[in-house]
Amino acid sequence: EVIENQQGRVEVKVPDGNWQTILEEGTVEQLIWDPISGETLLIVLRDGSLYTASYPDFTPRLMGNVSGTNQAIWLP
């Protein structure tokens, strides 16, 4: 997570590539990498929005809402 001018965004760096912004909206609450493949990032925003973004393009996909909780875990 990068915070600039009190605004957060999510960035990743792919192997042999540049830093890439994958999500610019909302305040990040949790970031969790898939511990099995290491290719998928789960992003939970403070408003409860749950996104996934996967290698190689890291296009964020809204998966649902987990509002009312302040923890997130990965269960394979």
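Above this note sits the structure.
Remember, predicted model here, so these are calculated numbers, not experimental data.

**Regarding the pairing of strand 3 (residues 19–23)**
Bridge analysis of strand 2 (residues 7–13) against strand 3 gives 4 bridges, and the strand direction is antiparallel. Note that in strand 3 the partner of E11 across the bridge is T21. Between the end of strand 2 and the start of strand 3, which pair antiparallel, lie 5 residues, with D16 showing a positive phi angle near 60°.

**Thoughts on the sheet that holds strand 5 (residues 40–45)**
An order of 4-5-6-7 is seen for the 4 strands of this open sheet, with the pairing classed as antiparallel. The outermost strands of the open sheet, each flanked by one partner alone, are strand 4 (28–33) and strand 7 (61–65). Taking the axes of each pair of neighbouring strands and ignoring which way they run, one obtains an average angle of 20° across the sheet. Looking at chain direction, strand 4 and strand 5 are connected through 5 bridges and run antiparallel. Within the sheet, the bridge partner assigned to V28 lies in strand 5 and is L45.

**Quick word on the nonpolar core**
The nonpolar side chains of a soluble globular protein tend to be buried, and buried together. By size, the foremost hydrophobic cluster in this structure holds 12 residues: V10, V12, V14, I22, L23, V28, L41, I43, L45, Y51, A53 and F58. Listed by contribution, the elements that provide at least two residues to this core are strand 2, strand 3, strand 5 and strand 6 (49–54). The dominant element in this core, judged by the number of residues it contributes, is strand 5, at 3 residues. Excluding residues within four positions of it along the chain, V12 makes contact with N18, W19, Q20, I22, W33, L41 and F58.

**Points about the pattern of salt bridges**
By the definition in use, this model includes 4 salt bridges. Note that R9 is salt-bridged to E11, the shortest N-O span being 2.7 Å. A salt bridge links D57 to R61; its shortest N-O distance comes to 4.0 Å. By relative accessible area, which is 40% here, D57 ends up partly exposed. Counted as one network, the salt bridges with shared partners bring together E4, R9 and E11.

Analysis parameters
- Per chain, residues are indexed from 1 in the order of the written sequence.
- Note on the predicted model: pLDDT of at least 70 is required for a residue's local features to be given, and 80 or more for side-chain atom pairs to be given and counted; whole-chain, interface and lining totals, by contrast, use all residues.
- Calculated side-chain values reflect all of the structure's heavy atoms, with hydrogen atoms and water omitted.
- Two strands qualify as a pair provided DSSP detects at least 2 bridges between them.
- A helix here means a DSSP run of H or I that spans at least four residues, while a strand means a run of E at least two residues long, and both kinds are numbered starting from the N terminus.
- Simply put, an axis is a line fit to the C-alpha atoms, just over the touching stretch for a helix, and the angle between two N-to-C directions goes from 0 to 180 degrees.
- Among buried residues, the Ala, Val, Leu, Ile, Met, Phe, Trp, Tyr and Cys ones that are joined through side-chain atoms within 4.5 Å form a nonpolar core.
- Whether a residue is buried, partly exposed or exposed follows from its accessible area with a 1.4 Å probe, protein chains only, as a fraction of its type maximum: under 20%, in between, or over 50%, in that order.
- Here a residue-residue contact requires only that any non-hydrogen atoms of the pair lie within 4.5 Å.
- Salt bridges, as used here, are contacts in which a Lys or Arg side-chain nitrogen is within 4 Å of a carboxyl oxygen on Asp or Glu.

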